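Geometric and topological summary
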Amino acid sequence: AEALRLVQVSKTYGTGDNPVRALDDVSLSLAAGTFTAIMGPSGSGKSTFLQCAAGLDQPTAGRVFIDGAELTGGSETALTKFRRQRIGFIFQQFNLLPTLTVLQNVTLPLRLAGKRADRKRAIAILERVGLGDRIGHRPAELSGGQQQRVAIARALVTNPSAIFADEPTGALDSRSARTVLSLLAEAVREFGQTVVMVTHDPVAASYADSVIFLADGRIAGSLDRPTAETVA
Ligand code: ADP
Ligand code: ADP
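Residues numbered from 1 in each chain as written. Chains lettered and ligands numbered in written order. Predicted model: local features only at pLDDT ≥ 70, side-chain atom pairs only at ≥ 80, totals over all residues. Heavy atoms only, no water.

1. With respect to unusual backbone geometry
A positive phi angle, close to 50°, is found at E167, a residue other than glycine. With respect to the element layout, E167 can be found in the loop between β7 (162-166) and α6 (174-191). Residue E167 is classed as buried on the basis of its relative accessible area of 12%. Even without a glycine there, the phi angle at D216 is positive, about 50°. If you trace the backbone, D216 turns up in the loop between β9 (210-215) and β10 (218-224). On the basis of relative accessibility, which here comes to 68%, the residue D216 falls in the exposed class. (Helix = DSSP H or I, 4+ residues; strand = E, 2+ residues; numbered from the N terminus. Buried < 20%, exposed > 50% of the residue type's maximum accessible area, 1.4 Å probe, protein only.)

2. Description of the sheet that holds β7
With mixed pairing, 6 strands are arranged side by side in an open sheet as β6-β7-β8-β3-β9-β10. Strands with a single pairing partner mark the edges of an open sheet, and in this sheet they are β6 (87-90) and β10. On average, each strand axis in the sheet is tilted by 20° relative to the strand beside it, whichever way the strands run. Pairing geometry for strand β3 (residues 35-39) and β9, over 4 bridges, is parallel. Its bridge partner lying in β9, T36 is registered against S210. (Pairing = 2+ DSSP bridges. Axes fitted to C-alpha atoms, helices over the stretch in contact; angles between N-to-C directions.)

3. Structural notes on the packing of helix α3 (residues 102-112) against helix α4 (residues 119-128)
In contact at an axis separation of 9 Å, α3 and α4 are set at 115° when each is read in the N-to-C sense. Regarding α3 and α4, the two cross each other, and that crossing is right-handed. Contacts between α3 and α4 pair V102, L103, V106 and T107 from the former with R119, A122, I123 and L126 from the latter. Here the contact of α3 with α4 is built from residues that sort into 6 nonpolar, 1 polar and 1 charged. (Left-handed = near helix turned anticlockwise from the far one by under 90°. Contact = heavy atoms within 4.5 Å. Nonpolar A, V, L, I, M, F, W, Y, C, P; charged D, E, K, R; others polar.)

4. Digging into the pattern of salt bridges
With the rule as written, the count across this model stands at 10 salt bridges. Notably, a salt bridge pairs D67 with R86, separated by 3.8 Å at the nearest N-O pair. Of this pair, D67 sits in the loop between β4 (61-66) and β5 (69-70) while R86 is found in helix α2 (residues 76-86), placing the two residues 19 residues apart along the sequence. Judged by its relative accessible area of 38%, D67 falls in the partly exposed class. It is possible to trace a salt-bridge network through shared partners that takes in R21, D24 and R218. (Salt bridge = Lys/Arg side-chain N within 4 Å of Asp/Glu carboxyl O.)

Okay, structure coming up:
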């Protein structure tokens, strides 16, 4: 099945004399249960791609579908509801809520999606990412790598159609980065998750099934079964 589909998506920032065309007629289809890395130079449109693909921003033109459901063209309310129920996010700076415990951070997406705050499920996923003994801690009491593992658990808890990760290892040392990447790869292999990850790190990209390269807002190429050497 197809998890993500972009049809001729363009995004222009600003109007008038100096509009910036950050995405220029991008079309692609990603199968469910795949791990895709998005790479490209600074300013090539990676963040804009992620924002549009994940329904965090609306493209100027074109259509985006997740699991066959269209994200584009609807109301902001409908899009927010869709995001909460069907999409997971992982950010470079973790974005955990500092006043909530680890367990509360992980059950929050279930509440926001209008689902039961299933403690058992949240704890099972936290155990899976190696944090079963940290559920009552606050984020500030954890290392960066541990915080990102909480963020992975939070992204997985609603069993979303797709998970979008923006430089998830950008703030981590290389050992924590490898742990986080292994967990993402495992979510894909063992749970059939679909992960789309923006990264500039060839080692991170080597955990993906394929890499899509952006340049000047367009798809400039792609590579299956990447290694750190072939990507760099
Ligand atoms: P990347 O993530 O690859 O660095 P971006 O998607 O952030 O690329 O940016 C692509 C282009 O769009 C760049 O030229 C950038 O300056 C421009 N851009 C990004 N966001 C905005 C914005 N909010 N307003 C105006 N221009 C923007
Ligand atoms: P089961 O696989 O029998 O549902 P588990 O104890 O393995 O039971 O997991 C409990 C729940 O948490 C399951 O619904 C599972 O889908 C989810 N889960 C656990 N770990 C992950 C993971 N790494 N990725 C996605 N979902 C996970």
